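Working through the structure, step by step
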Amino acid sequence: MKRQVKEHSNIMKRQEGKIDHELYCKYTRVWIPDPEDVWRAAEIIKDYKEGEPILHLKLEDESLLEYRIGPKDNPLPFLRNPDILVGENDLTALSYLHEPAVLHNLKVRFLEPNHIYTYCGIVLVAINPYDQLQIYGEEVINAYSGQNMGDMDPHIFAVAEEAYKQMARDERNQSIIVSGESGAGKTVSAKYAMRFFATVGGSANDTNVEEKVLASSPIMEAIGNAKTTRNDNSSRFGKYIQIGFDRRYHIIGANMRTYLLEKSRVVFQAEDERNYHIFYQLCASASFPEFKDLALTSAEDFIFTSQGENIFIEGVNDAEDFKKTKEAFTLLGVKESNQSSIFRIIASILHLGNVEICSERDGDSCHISRNDPHLTHFCRLLGVELEQMEHWLCHRKLVTTSETYVKNMSRKQAANARDALAKHIYAHMFDWIVEHVNKSLHTSSKQHSFIGVLDIYGFETFEINSFEQFCINYANEKLQQQFNQHVFKLEQEEYMKEQIPWTLIDFYDNQPCIDLIEAKLGILDLLDEECKVPKGTDQNWCQKLYDRLSSSVHFQKPRMSNISFIIIHFADKVEYQCDCFLEKNRDTVYEEHINILKASKFQLVADLFQDTNKDGSSSTSSSSKSSRINVRSAKPTPKVPNKEHRKTVGHQFRSSLQLLMETLNATTPHYVRCIKPNDEKEAFSFDSRRAVQQLRACGVLETIRISAAGYPSRWTYPDFFNRYRVLMKKSDMTVGDKKLVCRNLLETLVKDPDKFQFGKTKIFFRAGQVAYLEKLRADKFRSACIKIQKTVRRWLQMVRYKKIRKSAITLQRFGRGYMARRYAERLRLTRAAVICQKQYRMVRERTAYLRVRQAVVTIQAFTRGMFTRRIFQEFLLHHKAMIIQKHVRGWLTRRKFKVARNAAITIQCAYRRMRAKRELKQLKIEARSAQHLKKLNTGMENKIVQLQRKMDDQTKDLKTQNEQLVVAKVSLGSEVNKLQKELETMRSRQGDGSQLTSLKDELEKLRAELQEAHAHRKKLEEEHSNEKMRFEQRVEELERENSLLKSEKEKMNQRILHHSKSTEDQESSASQSVGRVQAELDEERQRYQNLLREFSRLEQRYDNLQEAKFQPGHRRNNSTQSSLESDSNYPSISTSEVGDTDDAIQLVEEMGVEKAAMDIGVFMKLQKRVRELEQERKRLQVNLEKMEDQSQRKGIEPKTTSEQENADLAYNSLKRQELESENKKLKNDLNELRKAIADRASKNSSSNELQDGYNLLLGQLKAANEELDVRKEEVLILRSQIVTAAQQKEKETTNHIETNNLPEWINSKKPIDKEEALRSYHGICESKKLLEAQLQSQARKHEDELEAFRTQIELLRDDIEKKQEMLNHTMSLSPEAQVEYSVQQEITRLTNDNLDLKELVEKLEKNERKLKKQLRIYMKKVQELEVSVTAAASQSTTAKPEMTRQVTVQRREKDFEGMLEYYKEDEALLVKTLITDMKPHAVSATVPCLPAYILFMCIRHADYINDDQKVHSLLTSTINAIKKVLKKNNDDFEMTSFWLANTSRLLHCLKQYSGDEAFMTQNTAKQNEHCLKNFDLAEYRQVLSDLSIQIYQQLVKVAEHVMQPMIVSAMLESESIPSLAGVKPMGYRNRSSSMDKDEEGPGSYTLEALIRQLGQFHGVMGEHGLDPEIAGQVIRQLFYSINAVTLNNLLLRKDVCSWSTGMQLRYNISQMEEWLRGKNLHQSGAVINMEPVIQAAQLLQVKKKTSQDAEAICSLCTALTMQQIVKILNLYTPLNEFEERVTVSFIRNIQNRLQERNDVPMLLVDTKHTFPVLFPYTPSALSLETLHIPANLSLHFLTRV
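Everything numeric in this text was worked out from a predicted model, so none of it was measured.

1. Structural notes on the environment of Tyr1817
In this fold, Tyr1817 is placed in the loop between α54 (1784-1793) and β26 (1839-1840). Each C-alpha atom, one on Tyr1817 and one on Gln1552, is 8.7 Å from the other, the two residues being 265 residues apart in sequence. Sequence-distant contacts of Tyr1817, defined by excluding residues within four places in its chain, comprise His1548, Lys1551, Gln1552, Phe1559 and Asn1563. Of note is the side chain of Tyr1817, whose polar atom sits 2.8 Å from the backbone oxygen of Phe1559.

2. A look at unusual backbone geometry
Within the chain, Asp272 stands out as a residue other than glycine whose phi angle is a positive 65 degrees. Looking at the element boundaries, Asp272 is found in the loop between β12 (251-259) and α7 (277-284). Classification of Asp272 by relative accessible area gives partly exposed; the value is 35%. Positive phi is not limited to glycine here, since Cys1489 has a value of about 60 degrees. For Cys1489, the position within the fold is in the loop between α41 (1467-1476) and α42 (1490-1504).

3. A closer look at helix α26 (residues 738-749)
Under the 1.5 Å per step criterion, the end-to-end length of α26 is 16 Å for twelve residues, consistent within 8% with the ideal 16 Å. Of the residues making up α26, those classed as buried are Val741, Cys742, Leu745 and Leu746. Each buried residue of α26 lies within a common arc of 125 degrees when the element is viewed along its axis, so the set occupies one face. Those residues of α26 that are buried are in contact with α24 (717-724), α25 (730-733), β23 (756-758), β24 (762-765) and α27 (769-928).

4. Overview of the nonpolar core
Judged by nonpolar contacts, the single largest core of 324 residues is most densely connected at Phe197, Phe565 and Met1611. In terms of residue count, helix α46 (residues 1578-1613) provides more of this core than any other element does, 18 residues in total. With sequence-adjacent residues up to four places away left out, Phe565 is seen in contact with Ile523, Trp541, Leu545, Tyr546, Phe555, Gln556, Pro558, Val574, Glu575, Tyr576, Cys578 and Phe581. Judged by nonpolar contacts, the second largest core, of 18 residues, contains Leu746, Phe758, Val770 and Leu773.

5. Re a nonpolar patch on the surface
There is a patch of nonpolar side chains on the surface, built from Ile788, Val792, Trp795, Leu796 and Val799 and spanning about 470 Å² of accessible area. Along the chain, Trp795 turns up in helix α27.

6. With respect to a positive patch on the surface
Judged by side-chain charge, Arg1409, Lys1413, Arg1416 and Lys1573 come together as a positively charged surface patch. Take Arg1409: it is sitting in helix α39 (residues 1375-1433). Residue classification places Arg1409 among the partly exposed positions, given a relative accessible area of 36%.

7. Remarks on the sheet that holds strand β8 (residues 174-180)
Sheet architecture is open: seven strands sit in the order β6-β7-β21-β8-β17-β11-β12, paired in mixed fashion. Each of the sheet's edge strands pairs with one partner strand only, and the pair in question is β6 (117-120) and β12. The average undirected angle you get between the axes of adjacent strands in this sheet is 20 degrees. Where β8 and strand β17 (residues 449-455) come together, five bridges link them in parallel fashion. Within β17, the position partnered with Ile176 by the bridge is Val453. Running at roughly 145 degrees to β12, helix α21 (residues 649-665) makes contact with β8, β11 (238-245), β12 and β17 of the sheet.

8. Regarding helix α10 (residues 336-353)
Between its terminal C-alpha atoms α10 stretches 26 Å, which fits the 26 Å expected from 18 residues at 1.5 Å a residue. Counted residue by residue, α10 has 14 buried out of 18 residues, so it is predominantly covered.

9. Describing the confidence of the model for the protein chain
On average, the protein chain scores 77 in pLDDT, and the residues at 70 or more come to 77%. Confidence drops under a pLDDT of 50 for residues 1196-1203, and excluding neighbours within four residues, the segment shows six contacts in the predicted structure. In this model residues 1244-1250 is a low-confidence stretch, pLDDT under 50, and it forms eight contacts with partners more than four residues away in sequence or in other chains.

10. Observations concerning the sheet that holds strand β5 (residues 78-79)
With antiparallel pairing, five strands are arranged side by side in an open sheet as β4-β3-β2-β1-β5. Two strands lie at the open edges of the sheet, namely β4 (64-68) and β5, each paired on one side alone. Two strands pair when backbone bridges link them, and strand β1 (residues 29-34) and β5 are joined in this way by two bridges, in the antiparallel orientation. Within β5, the position partnered with Val30 by the bridge is Leu79. Those strands touched by helix α2 (residues 99-111) are β1, β2 (38-44) and β5, and its axis lies near 100 degrees from that of β2.

11. A word on the side chain of Asn1574
Turning to its location among the elements, Asn1574 is positioned in the loop between α45 (1565-1569) and α46. A distance of 2.7 Å separates a polar atom in the side chain of Asn1574 from the backbone oxygen of Asp1503.

12. Some words on the pattern of salt bridges
The full count for this structure, using the stated rule, is 33 salt bridges. Between Asp1695 and Arg1693 there is a salt bridge; the shortest N-O distance is 3.1 Å. Residues joined by salt bridges that share partners form a network here, namely Arg236, Glu262, Arg265 and Glu273.

13. Concerning the packing of aromatic side chains
Applying the stated criterion across every chain, the model contains 37 aromatic pairs. Here the aromatic rings of Phe110 and Phe684 are separated by 5.1 Å at their centres, their planes lie at 35 degrees, and the arrangement is tilted. Highlighted residues: Phe110 in helix α2 and Phe684 in the loop between β21 (668-675) and α22 (688-698), separated in sequence by 574 residues. Among the aromatic residues, ring-to-ring pairing joins Tyr136, Phe157, Tyr164, Tyr192, Phe196, Phe197 and Phe245 into one connected group.

Quick notes on the rules
Residues numbered from 1 in each chain as written. Predicted model: local features only at pLDDT ≥ 70, side-chain atom pairs only at ≥ 80, totals over all residues. Heavy atoms only, no water. Helix = DSSP H or I, 4+ residues; strand = E, 2+ residues; numbered from the N terminus. Contact = heavy atoms within 4.5 Å. Polar contact = N/O pair within 3.5 Å; in protein donor to acceptor, adjacent residues only side chain to side chain. Buried < 20%, exposed > 50% of the residue type's maximum accessible area, 1.4 Å probe, protein only. Expected span 1.5 Å × (residues − 1). Arc of directions from axis to C-beta. Core = buried A, V, L, I, M, F, W, Y, C linked by side-chain atoms within 4.5 Å. Patch = residues over 30% accessible without salt bridge, like charges linked within 9 Å, V, L, I, M, F, W, Y side chains within 5 Å. Areas by Shrake-Rupley, 256 points an atom, 1.4 Å probe, with all protein chains shown as cover. Salt bridge = Lys/Arg side-chain N within 4 Å of Asp/Glu carboxyl O. Lys, Arg positive; Asp, Glu negative; His and termini not counted. Charge placed at Lys NZ, Arg CZ, Asp CG, Glu CD. Pairing = 2+ DSSP bridges. Axes fitted to C-alpha atoms, helices over the stretch in contact; angles between N-to-C directions. pLDDT = per-residue confidence, 0-100. Phe/Tyr/Trp six-rings, centres within 6.5 Å; stacked < 30°, edge-to-face > 60°.

See the structure below:
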């Protein structure tokens, strides 16, 4: 530390001569030393003059300080940089380069914006945040990929990209050297660097090498990392990973080299430390079944894992980490058996540590208990013999030249031997794993170049430093030397390239320290020499160091110790303890132990130690020379020791380090220095003392010093001109040469020519000169501001005076008016008071009089009303009693009458039903008898006439009988009257004698009736009183309910008011729900299109693999295998395949997927409908097969003559036509009957009525069928006879013409009549058989229908029961619930009815379509039959196929137009001409999408001729050819756009002419005639839709690739508004070799170029006829890409986060919006995608001070996440000193306000996100028959049809 302070003072002394004392004036800020914070800020309060001993300062806490200045002790303090430079990305951009400036800049960046990365020249300084940061995602990798290192904010990815880019550009190997203290984050930084290479340079094939490279990290961390006091995941070994690349710079393999594993940690850990992670991971997983035989328990139970007293790490799950380790082993190809062996070895080491060694009484010997379980487990796990291991752990073999004997070991010696064995086993296992990892990462391909990542321990100094720290610090000395030489070399190259005079810069050279360690007779040589001495000890070796190295400057002897020594390293002094140096350097292990392990029965354990004698870490012959004993094998002749066997650990480490340095020197190094901010591992806590110590140790300050010794500040001429032109005169601005202007300005402002130098492209400044220029610029601005303020303040005071004067006059006028008005008001009030008193007295007296009068009138009214109501109540009671009596008597009489009438009706119905059943049964028996059928079949017409006549006769008889009955009834009525009169006279005569008795009886009856009447009256009075009481109670209840209803009404009114107020909120929530639904739809569509993209990617990958596997030679695919099968799973379409679920699918499509999904009933009905249709299809198929069998049987029967064949053919044709017409008629009748019975069932609820209606309808149906059968029979017989007669007549005529032999004709006339009669008889028989078969089928059909009707009746009964239950349930509900329930039930009923109607309509439509198709097929067969008959009768020599084709062509040419015919063999030529060889410019002057129209016209012709194979082949070839063309031109935007337009147009044509009504609404009549007739190509439409989506995605990808390098330059860097952007000093990274100096490169793109490119894309799409909606979606996606790239770069670049950039960005966005409006694309949604960038630009421009500003920002930036807003505020950088930085408190305020948002934790926008594309249906207005095919297409083989 003293050496560092001394050197630091020397540096300050050298700089003192160069200090400009004029800069130390009042208000200048400086840095002064501080014991706690290292450096402290202060401000000069009095100008300093050269030579003064005291500098007057004011500290930040406002306290004053007199700082003493001395020429030797205390030089002038360091100057502070301007605030504008604080927080710079590159430390070399600071004007003053010194330690306090570096420390302060790192501290500000780390604590305020939480930036952990900072450049320092060529070094990336990385501070460990001890927190998880969201800056390592794939979006960040994509953002840094391809960028120059100085363009983006500092990041480990930027260093990795720089190495990757230099490797590709310079074709030179690269190295990334990551160093730092333990806990500084070296391993994590190296891991992220490798992740970047794995992502950017992924393997070109499917070997997944990059995944294996990343998978090696968890393995190496498990076996090589451990918890220390400084780091929870400290790497206890060094590693250098070489990642190999091929010529295309894809990863092909990797290799790992390790250095100096800390083996002592296996057996010893300090307090609060742990052993290697793998031990704890295995113990945490000991409960797994596969690890039961390891006999492991908790890590606390083992000595090797419990010495640190804390086996857990906070936030780490060892069991989960063990799973990751196993997965990594598997990914790297380590077999399960080898993994098991590795875990056995690790467990055996733990058991070995627990082996207890007991000392004997003499102390010189020891033993191990035979029952020691751990030794048993150790031997069992390693497969070695227990007795031998037990023996040799306590004994050792001594071999001399004459004899061999065994020596006992003490307990301590045995324990050391045991620990040495454990370390040796672990070291060999570690080497074996590294070797197998390298084998897995090795590749057979030739490596073109590599990038090495060195993760090595940093400089270490502890209280006790041993051999490990010595080797580590030795390695850091070598690396520091290489670092210093590289920095010096880069500085020299920069000066020479700019042709600046080069002066030798003195830098610290640590070669003497390295020589002290590795030179001849250095520390390592003396250590090896002492190891060879038989009795060498650590004390003797330390004494040799004192004697021989004391003259070295870098070697010191401690004052208070004789067993330690001090080395002065470049970073600090380190005192090393000599204890165990010799033992660790020898690394001794006894050969007996190794021999036992070699004999292990486990192959892996034996293999680990087979080459022990060849390893450098094995036992040596000199390992035991301290006791003058050589360790030899059991053979009598001693072995000659191998040369390699004698190498010590120090010698090996020096050799491997030398090899590493050679590798690094052969590569281009990149440096990452990791800093540990504090020792407490607190997140974002910065300890300045610890940070300074590490900065000095890692060489960062040395880099600063070398840079500051020359010209650290460098400006390009244009940047210097733009920044400091305010200091120029107006005359200087007119000079065109900016170099000359800058030269003149500097010579004027800076008098000392040594302060700057002019290079070829830059101006070089000494330290502090930029700050001086900034001060002059600030003074210039300050004077200008003062002048502006003076003028503005004068104007403000004048305005204020005028305002005050005008206000005074106004106040006077209003005051006087007020006084006058107040006086008038007083007079008015006095008069009004008098009037009020008079009126009040009058009103008071009148009110008293009126009160008395009203009381009297009220009393009178209430008295009169009371008497009147009493009289009315009495009258009302009498009237009600009379009414009740009247109604009760009438009800009793009516009830008696109804009972009698119902009984009579019931008896009549029962009797009639019995008679009807008998008659029905008799009719059924007669109908089923064969005689009845014969009667029906013979003489039906006569019978009908007879029945008609009989019916007329019976009608006449009925009329006469009715007349007779009327006459008889009248006569009987008169006789009855006469008899009644006679009866009355007879009663009157007989009743005189018994009149008295009858009167008495009648009196008794009257008395009884009177009593009954009195009793009934009492009963009625009681009931009346009870009813009255109930009524009163009911009235009270109603009053209570009325009050409740009133209160509820008031509540409802309040709810209605509240509801009216919340209507707007509901509307907004409804709009939000609509937006969410739309978003979900977009997400679903995007998910589907992502699957398509993944499918296309996998398909491309498959094609690549096929090409890679292709071998020379001819291969032929199976001719039956369609090429479409590899592209899709869509089968061909045929007319014979009719889908049975079409109606269900159409129903779902009509109802909508969401509605159908929500209605379970709909799905149940659909399933039922599917089953019904399946049954119907099977039944029709069976019928068809039966008909075919019948026709075949008929065809097999022998035909005697050709006349019979013709007759049968005609008969079958007529029969088929008749059956088709009758079938259709029967279906209509059946539908009508079903409808009738459904109506009857809905009207009548009684089951008897349903049964009667059903019987009636069934009878009608049977009668109609019988009549229909008779008519069929007669018609068929007549037609067959007519056809037969006609054919016979034709034959006779033909015979007559041929023979001309009249006598023979006369002679054969009679046999011909017999033959005709015989033929007629056969025809009648056939007709009879046919009619019998029809009757049987009809009977079966009627039985099926009967079953169906019965099922319907059962269903109706169930429905009635359900409705009854629903009615009961409804009556039990409240009135409101009844209304709601009834409405719900009505809606359900209407829905079901609607569904039934839809099913009926769809069934009818389906039947109609089927019949139409069958009719077309039959018509075609009939035409073919006619043609064949004509061809057989004709004697022409023309071939039959040609004749048929000519007839067909002529007929179709007459009916159809707009079709193109081609031969099957011309299909390949058609596809080649229209697709493969087609160029967009060839059809640019014709109709857009011409190839699509031509292909569709060919498809139409194939459909017209009903050739499904042709349609399938053409569509398949088209789709595959388009895919091949797009694959070949995968980066051609014009070709991709052309085929996207044609594919979408072909898809629209297939929809437009499909025949579906949904697509025919905009067609003309002619276009409707052109619809497809035979095929339904819906599945091919889906294939073309998927292909269109893939082409769209490729189009967007190509466009984004073209625009990617233009976006950042055009949107953020180009000056659309000239002279607006300011320029700040740039650091080393902006002048590094990674910058693209090409003027035509990315830096030259402007906004006009970007808009021009967008216009070109839009023009190409429009020229090719792409739908405007699709073109709008492409533009929308491109605008999203522009927004994502721009915003990501804004979030990762501090230099563009300024007010001027926000202004430029808003102007650029407005220009792009203007372009959208000019192209009529403002409705495409592209502007909405730019909303995040727009808000980011506004955020850069708004005020950022007060809480009101924070609230405004939160309401403004709704499209930005909280992380993005905070990141922009942290990155905001003022361009001059008049702006202020955003304070930390303001950012915290923003964070607190945005906590409620619950944003997704996302910093960068996903640049790979694509919106789901929609292809709206756009029919074409072009008529196909008017389409003209250009001759230049060479489609002469197509024939227009």
